[in-house]
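Structure at a glance
Listed below are the residues making up each chain.
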Amino acid sequence: MPQRATETFFNSASRYRTLVENSCDIIFSLDFEGRFAYVSPAWKSLLGHELSEVVGHNFREFVDPEDIPRCEEVFMTVIRTNAMQEMTYRVQHADGSWRQHTSRVNRHRDENGEKTIFGTSHDVTERLFFEELISRTEKMTMISGMAAGMAHEINNPLGAILQNAQNIERRVSTSIPANVQAAAEVGVSLDLIHAYMQKRGIFDFINHIRTAGIKASEIITNMLQFSRRSDADSENVDLSTFLDKVLELAGSDYDMKKKYGFQKIELQRLYSAALPEVHLSVSGMEQVLLNILKNAAQALAATETPIITVRTRGVKGMAVIEIEDNGPGMDEKTRQRIFEPFFTKKEIGAGTGLGLSVAHQIVTKGHHGIISVRSRPGEGCCFTIKLPMQGRG
Amino acid sequence: MTDSALSVLLVDDNDMIRECITAYLEDEGFTVYAFTTAEEALELIDTINPVVCISDMRLPGMYGEEFILRASALSPLTGYLLHTGMLYTLSDELRAIGMTDSDVFLKPLYDLSKLSKKIYQIAAVRGEL
């Protein structure tokens, strides 16, 4: 019974047409050359083109060149095997941006013996973005928990190093009666011990222990604060102080040091002294700036005298932060796509391609700001962030 | 140890920290009573009647905060200091017994003279100097 009912339902061509035309996924048919014979109206809402700009055109005109070989393989398999195939690939929107689509395609032979490829396409861009974001957030949460625990554990031994260095110094001081008494008991002169230690630079060594210990402790305090902050921590900050802190954080980042040689890069700070405080999410903006700095450091890997310039100024109610490098720059195509999720020029494993897209989200959605990038091959690269000075209201 | 020496009670489960703070404060002329747990310290605090009590936060049994609250009931004239590795904001209960932010010392403490200065300050207020 149910099968007969289904058959009756599909006897009507107008029902078919209505179904296809109202689908929010794209329904399409291709000839064996790969040209669109039909696309449903959903194409226009998902990808922006007029249907007349699509019908008669080859699918290869819309798909990311990097994905064409995979698409062709699927295409040929479908023609050969008559088995349903599924794949996800990147397709260009009329506005130039890239979307991720998952398509299911199959070969079809109609009543007149005419063969076509039928398919449906579903936009999965957002889903993939959030899936990746969630897995990354989970990882980050775990790492910051571990970092906080580690930092706490390190504070005790660090305290012992610092305080024992201080104790050593004090135990040879003549101003403490117990020292004088103990020296007398073993028959040495405290003054001579002191003079000897001075002559052999021992006090300098002790001082070095303390300086190094203090440095280590500052790094840990920074780390601890970074990992403990939540996203909801908006506050008024002085941009110059904030940027100095971020640069310090970048300098102590292991990856930045080991992989990208951050300490070899000359940092130029050109801060405007006249800027009022800016209301921002400290952890969010730290993430944004660290991402840009990491990208800059990576780009500078082969530059002879690498320089990163950090500038601030105020323009029409906006606080402007510029981070410029003198690296190899990038071509226009890369520049346009740099904030797209999953866009990466790095080798597999070197980056997820999410860093700058998340930065984009934080600046635009989180701060009502603007982030942009200016670059040309051979002319370095400059990221500009504009934040409203009265904050997010 | 003379009768005139000011006594300080110290609770920290980390041996190195306990030993080096004890050494420093003894060099300063204080009599130091050091304990690894809050429970041990609580048994003797009213007998010792220290001018200052310094406690770690994370201790094996009772935590520093509860320890200070109980200790202050037993020895109310003692000044209480927290020496902690956590980013810590003083609780309302601890503020209620008179503690302020300046009574919290974050680990690692670079310079122990900050601690001894604080002890002298509290002793001066108590009229013991």
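Note that the structure is predicted; figures quoted are calculated from it, not measured. Along each chain, residue indices are assigned from 1 in the same order as the chain's sequence is written. By the order in which they are written, chains take letters starting at A while ligands take numbers starting at 1. The model is predicted, so local features are restricted to residues of pLDDT at least 70 and side-chain atom pairs to those at 80 or more, both for listing and for counting; the totals for chains, interfaces and linings are taken over all residues.

**Describing the environment of Gly329 of chain A**
Residue and element names in this part refer to chain A. Mapped onto the elements of the fold, Gly329 is located in the loop between β10 (318-325) and α12 (332-337). By the C-beta count within 10 Å, which is 18 here, Gly329 ends up partly exposed. Taking the C-alpha atoms as reference, Gly329 lies 5.3 Å from Arg376; in sequence the two are 47 residues apart. We call two residues in contact whenever the C-beta atoms placed from their backbones are within 7 Å. With sequence-adjacent residues up to four places away left out, Gly329 is seen in contact with Ser375, Arg376, Pro377, Gly378, Glu379, Gly380 and Cys381. Numbering of helices and strands runs from the N terminus; a helix is a DSSP stretch of H or I covering at least four residues, while a strand is a stretch of E covering at least two. Residues with at least 20 neighbouring C-beta atoms inside 10 Å of their own are called buried, those with 12 or fewer are called exposed, and the rest are partly exposed, where every C-beta is derived from the backbone.

**Let's talk about the sheet that holds strand β11 (residues 370-375) of chain A**
Residue and element names in this part refer to chain A. The strand order across the open sheet built from 5 strands is β7-β9-β10-β12-β11, with neighbouring strands paired in mixed fashion. In this open sheet, the two edge strands, each paired with only one partner strand, are β7 (266-270) and β11. Direction aside, the axes of adjacent strands within the sheet are offset by 15° on average. As defined by bridge partners, strand β9 (residues 307-315) adjoins β10 across 8 bridges and the pair is classed as antiparallel. Looking at the pairing, Val315 lines up with Met318 of β10. Paired strands, in this sense, are two strands between which DSSP finds at least two bridges. Between N-to-C directions, angles cover 0 to 180 degrees, with each direction set by a line fitted to C-alpha atoms, over the stretch in contact for helices.

**Some thoughts on the interface of chain A and chain B**
With 18 residues of chain A in contact, the opposing surface of chain B contributes 17 residues. Breaking the side of chain A that touches chain B down by element, the ones donating at least two residues are α5 (125-171) and α8 (202-228) of chain A. Residues that form the side of chain A that touches chain B fall into these classes: 7 nonpolar, 9 polar and 2 charged. As a working rule, the residues Ala, Val, Leu, Ile, Met, Phe, Trp, Tyr, Cys and Pro are called nonpolar, Asp, Glu, Lys and Arg charged, and the rest polar, with Gly in that last group.

**Section: the packing of helix α9 (residues 239-252) of chain A against helix α11 (residues 282-299) of chain A**
All names here are of chain A. Across the interface, α9 lies against α11 with an axial gap of 10 Å and an inter-helix angle of 55°. As summarised for this structure, α9 and α11 are arranged oblique, according to the angle between their axes. Crossing geometry of α9 relative to α11 is assigned as right-handed. On the side of α9, the interface is formed by Val246, Leu249 and Ala250, while α11 contributes Glu286, Leu289, Leu290 and Leu293. Any angle between 65 and 115 degrees counts as roughly perpendicular, while under 35 counts as roughly parallel, over 145 as roughly antiparallel, and the rest as oblique. For any helix crossing, the convention is left-handed if the near helix is rotated counterclockwise from the far helix by under a right angle, and right-handed if that rotation is clockwise.

**Here we look at the sheet that holds strand β2 (residues 36-39) of chain A**
All names here are of chain A. On the basis of which strands lie adjacent, the open sheet formed by 5 strands has the order β2-β1-β5-β4-β3 and antiparallel pairing. Either end of the sheet is taken by a strand with one partner, and the two such strands are β2 and β3 (85-92). For this sheet, the mean inter-axis angle between neighbouring strands, taken without regard to orientation, is 30°. With 5 bridges joining them, strand β1 (residues 26-30) and strand β5 (residues 115-123) adopt antiparallel strand pairing.

**Section: unusual backbone geometry**
With glycine set apart, most residues show a phi of negative sign, and most peptide bonds adopt trans. In this structure, Pro108 of chain B follows Lys107 of chain B across a cis peptide bond, with omega equal to -5°. Inspection of the secondary structure assignment puts Pro108 of chain B in the loop between β5 (104-106) and α5 (113-125). Phi is positive for Asn82 of chain A, which is not a glycine, with a value near 55°. Along the polypeptide, Asn82 of chain A turns up in the loop between α4 (68-81) and β3. In this structure Asn82 of chain A comes out as exposed when scored by C-beta crowding, with 12 C-beta atoms within 10 Å.

**Notes on the pairing of strand β3 (residues 52-56) of chain B**
Walk down a regular strand and you will see the side chains alternate between the two sheet faces. All names here are of chain B. Burial runs high along β3: 5 of the 5 residues are buried. Residues Val52, Ile54 and Asp56 line one face of β3 and the alternating positions Cys53 and Ser55 line the opposite face, and both faces are buried. The pairing of β3 with strand β4 (residues 79-84) spans 5 bridges and is parallel. By the bridge assignment, Asp56 is partnered in β4 with His83. Regarding topology, helix α3 (residues 64-74) serves as the crossover connection from β3 to the parallel β4, and that connection is right-handed. Convention used here: a crossover is right-handed provided that the path from the first strand, over the helix, to the second strand proceeds clockwise when the strands point away from the viewer.

**Structural notes on the nonpolar core**
As used here, a nonpolar core is made of buried Ala, Val, Leu, Ile, Met, Phe, Trp, Tyr and Cys residues. They are joined through C-beta atoms within 7 Å. Val288, Ile292, Leu293, Ala296, Ala297, Ile323 and Ala359 of chain A are the most contacted members of the largest nonpolar core, which totals 38 residues. For this core, the secondary-structure elements that each account for two or more residues are α9, β8 (278-281), α11, β9, β10, α13 (355-367) and β12 (381-388) of chain A. Looking at which element gives the most residues to this core, the answer is α11 of chain A, with 8 residues. Discounting chain neighbours no more than four positions away, the residues touching Val288 of chain A are Ala359, Ile362, Val363 and Ile385 of chain A. Judged by nonpolar contacts, the second largest core, of 34 residues, contains Val11, Phe35, Ala38 and Ile119 of chain B.

**Some thoughts on helix α1 (residues 15-27) of chain B**
In this scheme, a helix's expected span is set at 1.5 Å multiplied by one less than its residue total. Here α1 of chain B contains 13 residues, and its C-alpha end-to-end distance of 18 Å stays within 8% of the 18 Å for a straight helix at 1.5 Å per residue. Next to the buried residues of α1 of chain B lie α5 of chain A together with β1 (7-11), β2 (31-35) and α5 of chain B.

**Considering the confidence of the model for chain B**
When pLDDT is averaged along chain B, the result is 91; 95% of the residues meet or exceed 70. In the predicted assembly, ipTM is 0.83 and pTM is 0.58. pLDDT measures how confident the predictor is about each residue, on a scale from 0 to 100.

**Description of the packing of helix α2 (residues 38-48) of chain B against α3 of chain B**
All names here are of chain B. Two elements in contact, α2 and α3, have axes separated by 9 Å at closest approach and are oriented at 10°. As judged from the angle between their axes, α2 and α3 are roughly parallel. The crossing of α2 and α3 is right-handed. Taking contact as the criterion, the partners of Ala38, Ala41, Leu42, Ile45 and Asp46 in α2 are, on α3, Phe67, Arg70, Ala71 and Leu74. Looking at the contact of α2 with α3 residue by residue, the classes come out as 7 nonpolar, no polar and 2 charged.

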